[in-house]
Amino acid sequence: LFDGIYPFYPQQRKAAVFDIRTIIVIVVFLTLACSFLLIIPGIRGRARLYWTLRVLLSLFVGVVIVVVQFTGDWETGWVQANTSYKSFSLAQVNADIGLHIGLAGVNVTLRGNPVNQINETINYNEHFPWNFGADYDRSYSEGLEKGLPSPILYVAEKFSTQSPCAVHRQYRIAGHYASATLWVAFCTWIVSNILFSMPVLVYGGYMLLVTGAFMIFSLLSFSTVRNSPMCLIQIGTRTLHIAYGGSFWLMLATGLLCFVAGITVVAMHHLNLDLLKAFFDLREDKAEEYQEMPEVFINPHFVNKGL
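Residues numbered from 1 in each chain as written. Predicted model: local features only at pLDDT ≥ 70, side-chain atom pairs only at ≥ 80, totals over all residues. Heavy atoms only, no water.

Side note on the state of the cysteines
Evaluation of the coordinates by the stated rule reveals one disulfide. A sulfur-sulfur distance of 2.2 Å marks the disulfide that ties Cys165 to Cys231. Looking along the S-S bond of the Cys165-Cys231 disulfide, the torsion reads about -135 degrees, which is the left-handed sense. Here Cys165 is found in the loop between helix H4 (150–157) and helix H5 (168–197), whereas its partner Cys231 is found in the loop between helix H6 (201–223) and strand S5 (233–235), with 66 residues between them in sequence. The exposure class of Cys165 is buried, given its relative accessible area of 8%. Overall, Cys231 belongs to the partly exposed group, its relative accessible area being 26%. (Disulfide = S-S within 2.5 Å. Helix = DSSP H or I, 4+ residues; strand = E, 2+ residues; numbered from the N terminus. Buried < 20%, exposed > 50% of the residue type's maximum accessible area, 1.4 Å probe, protein only.)

Here it is in structure tokens:
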């Protein structure tokens, strides 16, 4: 003990929204996008615009499907309150307490107003995983041993397996199935790109519809946690309320975008196939395939020999 309280030990921090895996995925897709932009000047005419739109749109859908697997803002909430800072201490601090829920765990943020209070820097961000293979209760116990601030431990305790709130199992299973559904959506996204490049345009449109459907299924899977009543998170005299975060709404918008793109491709295939082929830069090849020879030259030497 240090002055009658548990000491605070330095520990590795984890970002609430972005972590190293998210940055790696974004860098990979940005590299692909930059590589395409380097070769785009070699495409002539209006096809250059069509190629740019198709490739960037496809990469955007792919990066969203992968990145939201690792983000921590499917549900978020913030509250500013006066609260106790340490166990066995009467010291009160004014701080912002944030809760960020992802598919693989929960992040709890504590930031002082101002950051420096009671001779300490109050700026914490702790991650507690609940994905399969991780032990949430062990992470919570490690937080107790480290001597984390009381508000962080109080919020994290709400999601433990021993909590009367009983939401740990719902969040864990919902996150697991939402993640699995997103990986299926990523596979169908790859198949749709293969079909568009073969080219089998109408089937590529169908796979875009399937991709959008699995993305919506992932949202429905995660939203099932709302069927379970959530305990009030009372901090001081204020209550921390959570709502759907940026990753949830980004996934919804991307899923609807896939639906719109898929329906457009299928509709254009049945209503105006030439315009669809022009957008995919296939009209010129088709024209050359059926192009007739305007004039035929015959060698008279072979004709005289009866050949």
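Describing helix H1 (residues 20–39)
For H1, which comprises 20 residues, the first-to-last C-alpha distance of 29 Å matches the rise-based estimate of 28 Å (1.5 Å per residue) to within 8%. When H1 is considered as a whole, its buried residues turn out to be Thr22, Val25, Phe29, Ala33 and Phe36. Within H1, the buried residues cover an arc of 75 degrees as seen down the axis, which keeps them to one side. For H1, the exposed residues set more than 90 degrees away from the buried face come down to Ile20, Leu38 and Ile39. For H1, the elements touching its buried residues are helix H2 (47–67) and H5. (Expected span 1.5 Å × (residues − 1). Arc of directions from axis to C-beta. Contact = heavy atoms within 4.5 Å.)

Looking at the pairing of strand S2 (residues 92–101)
Taken across its ten residues, S2 has eight buried, putting it largely inside the fold. Note that strand S1 (residues 75–84) and S2 share ten bridges and pair antiparallel. Across the sheet, the residue bridging to Thr83 is Val93, located in S2. The pairing of S2 with strand S3 (residues 105–117) spans seven bridges and is antiparallel. Bridge assignment links Leu99 to a residue of S3, and that residue is Val108. (Pairing = 2+ DSSP bridges.)

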